[in-house]
Amino acid sequence: MKTQPSIEKLYKFLSLEAQRGYDNGAVMGGLARMLENWATEARNDGLPEDLIGAVETRLRDYGRLTPKSRAEVLQGLWQRVQRSLKLPERMALPSPQPAAPARTEPQPAASPSPAAPRPASSPPAAEPPLPPEAFQKPVTAVPTIGPRRASTLARLGIHTLEDLLYHFPRRYDDYSQCKPIRQLRYGEQVTVVGTVEGVGVRKLRGGKLQVTEAVISDSSGKLRVTWFNQPWIADRLRRGMPVALAGKIDQYLGRLVLNNPEWEPLSKEQLSTKRIVPVYPLTAKITQRWMRRLLHEVVAQWAGRAPDPLPTWLRERAGLLPLPVALRQIHFPDSWDDLRQAQRRLAFDELFVLQLGMVRQREAWRQRQARPFPVEEPWLEARLEGLPFALTAAQRRALEDIRRDLASGRPMNRLLQGDVGSGKTVVAALAMAMVTHHGAQAALMAPTALLAEQHYRSLQRLLPQTTPDIAPEHIGLLTGSTPAAQRRTTLEGLAAGRIKILVGTHALLEDPVQFADLQLAVIDEQHRFGVRQRARLRAKGEQTHILVMTATPIPRSLALTIYGDLDISVMDEMPVGRKPVLTYLLMPRERERAYRLIRREVAAGHQAFIIYPLISESEALQTTPAAVEAHRRLQSEVFPDLKVGLLHGKMKPDEKEATMARFRDGEFHVLVSTAVVEVGVDIPNATVMLIEGANRFGLAQLHQFRGRVGRGGQQAYCLLIPETENAARENERLRALVETTDGFVLAEKDLQQRGPGEFFGTRQAGFDEARLRLANLLDVHLIEQARNLSQELIARDPSLQAPEHRLLKQRLAAFWREGRGEIS
Ligand code: ADP
Ligand code: MG
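What counts, and at which threshold
- Residues numbered from 1 in each chain as written.
- Chains lettered and ligands numbered in written order.
- Predicted model: local features only at pLDDT ≥ 70, side-chain atom pairs only at ≥ 80, totals over all residues.
- Heavy atoms only, no water.
- Axes fitted to C-alpha atoms, helices over the stretch in contact; angles between N-to-C directions.
- Helix = DSSP H or I, 4+ residues; strand = E, 2+ residues; numbered from the N terminus.
- Parallel < 35°, antiparallel > 145°, perpendicular 65-115°, else oblique.
- Left-handed = near helix turned anticlockwise from the far one by under 90°.
- Contact = heavy atoms within 4.5 Å.
- Nonpolar A, V, L, I, M, F, W, Y, C, P; charged D, E, K, R; others polar.
- Pairing = 2+ DSSP bridges.
- Expected span 1.5 Å × (residues − 1).
- Buried < 20%, exposed > 50% of the residue type's maximum accessible area, 1.4 Å probe, protein only.
- Salt bridge = Lys/Arg side-chain N within 4 Å of Asp/Glu carboxyl O.
- Core = buried A, V, L, I, M, F, W, Y, C linked by side-chain atoms within 4.5 Å.
- Phe/Tyr/Trp six-rings, centres within 6.5 Å; stacked < 30°, edge-to-face > 60°.
- Lys NZ or Arg CZ within 6 Å of the ring centre and 35° of its normal.
- pLDDT = per-residue confidence, 0-100.
- Arc of directions from axis to C-beta.
- Near = heavy atom within 4 Å.
- Polar contact = N/O pair within 3.5 Å; in protein donor to acceptor, adjacent residues only side chain to side chain.
- Areas by Shrake-Rupley, 256 points an atom, 1.4 Å probe, with all protein chains shown as cover.

J.: Just checking my understanding: could you explain the packing of helix α12 (residues 336-367) against helix α28 (residues 780-796) for this structure?
T.: Geometrically, a packed helix pair is captured by the angle between its two axes and the distance between the axes. One can describe the packing of α12 onto α28 by two numbers: an axis separation of 8 Å at closest approach and a directional angle of 50 degrees. In this view, α12 runs oblique relative to α28, as classed from their interaxial angle. With respect to the hand of their crossing, α12 and α28 are arranged in right-handed fashion. In this structure, α12 uses Arg344, Ala347, Phe348, Leu351, Phe352, Gln355, Leu356, Met358, Val359, Arg360, Arg362 and Glu363 to contact α28, whose residues at the interface are Leu782, Ile783, Gln785, Ala786, Arg787, Leu789, Ser790, Gln791, Leu793 and Ile794. Grouping the constituent residues of the contact of α12 with α28 by class yields 13 nonpolar, 4 polar and 5 charged.

Right, here's the structure in full:
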């Protein structure tokens, strides 16, 4: 087979770059420049999209890496290309020039030999590693720990030797770097080192308050230090004692003071050796000093003998410290750089088991057989011809991804991610047509009856007109409110295969729903469904192809973490002619302007949403939400001449549905609502989204609200009114929303502000979040490295059977909770 031109080109430049010692000079202006045309060429060559994406991400930031990382990145990237396209062995990248660091020697990718020669850089193996079981011994194995101490340590979650070794410092102090007292400034968070000059206890307020006061000095000056209600401190401090104190500099009567600092006595060595000192999380009855001594002993005795779960080749490729070194350095670092390296190594371990689990799951799916559903080009072209619009390029790409999956003979497991309004429904519709084309059935599940109905209508509109073998009666609808008689006919039709496509809610999952031959299950707004519900839908067929859709934009790092076991298609483009929603932040006193805009839009035949937050937690329990009150006022005072509808969470599901349906049918000009209106509803005629109490909503939610308008091609408006003027000025989220309509940009912001756990309930992904202690889920580079190496490891040893992978396999089992067998 001939190598594709785009691959030839990539090979040529990467080889040249390797020969040059990774100076980013193989392409004029830097390697990233080559991306301008390359992706297009690669697509023309039909290269897989994930590979193109990998090349793009690696090369984009290439110039910013150190030569050592560059070598790693390019070697890793090229090996992935080689593997994925099954390129001949001889097309390996040349070894780096002598100038480049020795760490990066290319790996003999094809040889899984565990007995690779130990490189000179590893430390001499002083003592052989102990078996992993040795580290599961209780802490009482340490001579200085008796039962009493053991139970105190248990309160910190420390039970075994391993727990102790992995009890990492929460921060480090470098006493050699402390500021002299004279240079301290008000408000600073500081560590001060000095000598106790004097100490005393005073009683205030008739003895109710005991104040311990001390004066600390260094060669530059003196500082007053105060502790409230901790009189025992006075007994421990002695004149002339060297101490370190950490806290925030405050002010009292015009002088700088330190209130309630953490403190500890220092030894002479600590002051002179300029060592970076670990500061551990503690609990009552344990002092910093004791903990430090304990860990010193434990690290000296055990760290060196910790068995490394990472195979040597992998550890070296990633440029990571050996585990014993990392454990030693994270507790007692020789330098800040050593510390950083140790943290990187241990963070990598965490990310690696995470990715390994993902990759293994994904490979397991890939091993399975599924029925192939290939469609010919002319067939597809004919379907597209029949659509009322041309697909966007993003829609085409997603459709091609799906088409390839469905034809592959392996079960599709794909996430289709596209911002609100990017047109996911039509892509899903065509995917379903590919399957019914071969006589099989497809299902589309949505979180609410309203959405299911909306999808049903869209499919009725889109499919029969483009696809002759799908007539309107071939598409069925099943929700909780489907009347019994109709339900019966639908179920009969489904079992007999007369119904080819079934759209519905959770009702699809019920037992009586039997398909004749379900081959594709599409799940809309997937985050609204649990893992079990998806599994149930899948189980209605055999090796069913799965397509899940979401409008929640997920930053790449998090997507790799949460959806690492899925293939992802991203639709990052809106249909043409869609005008971005104009977003304004109004002061509360400018509310009348918002009302004027609503009147104007209604006069032009359009409709408006007005959203109210729940005012308090307890309001969720009360019978009348703020929206009810507001509705009364808006209808009687503000818009007496308009029809104002009301929607809130206290209403019964069918009442809500009916209200939404009436709004959609134009019975109301304005709909007042609580947050229930959030997901997926398509009211093309609505052009105004007014959000009251906007400061109370999260960024993602606000973006979803905004996505409810501007779906019909007219200019639409989103008006944000926070509760106070201050909120209007200070709320960063609201300003971000005004500045951009790009869901991905907003998601990144949201993620930074809230952190991954809250952003996307990582618990939903099925792993134990608490085990990610050092790993930063936003560190794309480290995550990608962990991912690539996971893939490589699984390719070599799919079920981790080799003896040198035993420990890794154990960690994997511990990390991933039981019962994870389904996509998230
Ligand atoms: P979402 O991705 O939010 O589910 P929908 O599938 O509901 O978006 O599509 C939003 C609207 O855009 C629908 O009215 C749909 O008919 C329309 N639409 C989808 N694709 C295109 C396109 N390529 N050109 C024009 N309009 C489109
Ligand atoms: Mg949708």
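There is more to say after this.
J.: How do you make sense of the sheet that holds strand β16 (residues 582-585) when you look at a structure like this?
T.: Sheets are built from strands that pair by backbone hydrogen bonding, the pairs being arranged parallel or antiparallel. Strand order in the open sheet formed by 6 strands is β16-β21-β20-β17-β19-β18, and the pairing between neighbours is parallel. One side of each edge strand has no neighbouring strand; the edge strands of this open sheet are β16 and β18 (644-647). In this sheet, adjacent strand axes meet at a mean angle of 15 degrees when their direction is disregarded. With 5 bridges connecting them, strand β20 (residues 686-692) and strand β21 (residues 717-721) associate as parallel partners. Within the sheet, the bridge partner assigned to Ile691 lies in β21 and is Leu720.

J.: Help me out: how do you make sense of helix α1 (residues 5-19) in this one?
T.: Residues lying three or four places apart along an α-helix face the same way, a consequence of the helix completing one turn every 3.6 residues. Taking 1.5 Å per residue, 15 residues should reach 21 Å; α1 reaches 21 Å between its end C-alpha atoms and fits that length. Three or more residues of α1 are buried, namely Ser6, Ile7, Leu10, Tyr11, Phe13, Leu14, Ser15, Glu17 and Ala18. Looking at the buried side of α1, the elements it contacts are α2 (35-44), α3 (49-60) and α4 (67-85). Just past α1, the residue Gly21 takes up positive phi, approximately 75 degrees.

J.: Got a minute to help me understand the pattern of salt bridges in this structure?
T.: Pairing is possible between side chains that carry opposite charge, provided their charged atoms lie close to one another. As enumerated under the stated definition, the model contains 41 salt bridges in all. Across the salt bridge formed by Asp349 and Arg345, the nearest N and O atoms sit 3.0 Å from each other. Taken together, the positions of Asp349 and Arg345, both in helix α12 and 4 residues apart, correspond to about one turn of that helix. Comparing Asp349 with Arg345 shows no difference in burial state: the two are buried. The salt bridge involving Arg593 is made with Glu590; its shortest N-O contact spans 3.1 Å.

J.: I'm lost on the nonpolar core in this one. Help?
T.: Note that soluble globular proteins tend to have their nonpolar side chains buried in a common cluster. With 43 residues, the main nonpolar core has Leu459, Ile501, Leu520 and Leu547 as its most contacted residues. Ranked by residue count, the leading element in this core is helix α15 (residues 424-436), at 10 residues. Among the nonpolar cores identified, the runner-up in size contains 37 residues, and Phe135, Leu295, Trp302 and Leu339 belong to it.

J.: How should the packing of aromatic side chains be read in this particular structure?
T.: What characterises a pair of aromatic rings is the spacing of the ring centres plus the angle enclosed by the ring planes. Summed over all chains, the structure comprises 9 aromatic pairs. Over the aromatic face of Phe13 sits the side chain of Lys12, whose NZ or CZ is 5.0 Å from the ring centroid.

J.: I would appreciate a short explanation of the confidence of the model for the chain in the present structure.
T.: Atom-level detail of predicted coordinates should not be read off regions where pLDDT is low. Taken as a whole, the chain shows an average pLDDT of 83; of its residues, 88% reach a score of 70 or greater. The low-confidence segment residues 818-824 (pLDDT under 50) makes 30 contacts with residues lying over four places distant or belonging to another chain.

J.: Sorry, what's going on with helix α29 (residues 806-815) here?
T.: Burial in α29 covers these residues: Leu807, Leu808, Leu812 and Phe815. Angularly, the buried residues of α29 cover 140 degrees about the axis, an arc narrow enough to put them on a single face.

J.: I keep staring at the sheet that holds strand β14 (residues 545-550) and nothing clicks. Help me out?
T.: Strand order in this open sheet of 7 strands is β11-β12-β10-β13-β14-β9-β15, and the pairing throughout is parallel. Only two strands of the sheet have a single partner each, and these edge strands are β11 (475-478) and β15 (567-571). Adjacent strand axes in the sheet meet at a mean angle of 20 degrees when their direction is disregarded. By the bridge criterion, 4 bridges tie strand β13 (residues 518-523) to β14 in an arrangement that is parallel. Bridging from a neighbouring strand, Ala521 pairs with Ile546 of β14.

J.: Looking at this structure, how should I read the site of ligand 1?
T.: Near ligand 1 lie 16 residues; those nearest to it are Gln395, Gly421, Lys424, Thr425 and Arg578. A distance of 2.6 Å separates an oxygen atom of ligand 1 from a polar backbone atom of Gly421. Here Lys424 contributes a side-chain N or O atom positioned 2.8 Å from an oxygen atom of ligand 1. Burial of ligand 1 by the protein chains amounts to 83% of its free accessible area of 570 Å². Here the shell around ligand 1 is built from residues that sort into 5 nonpolar, 6 polar and 5 charged.

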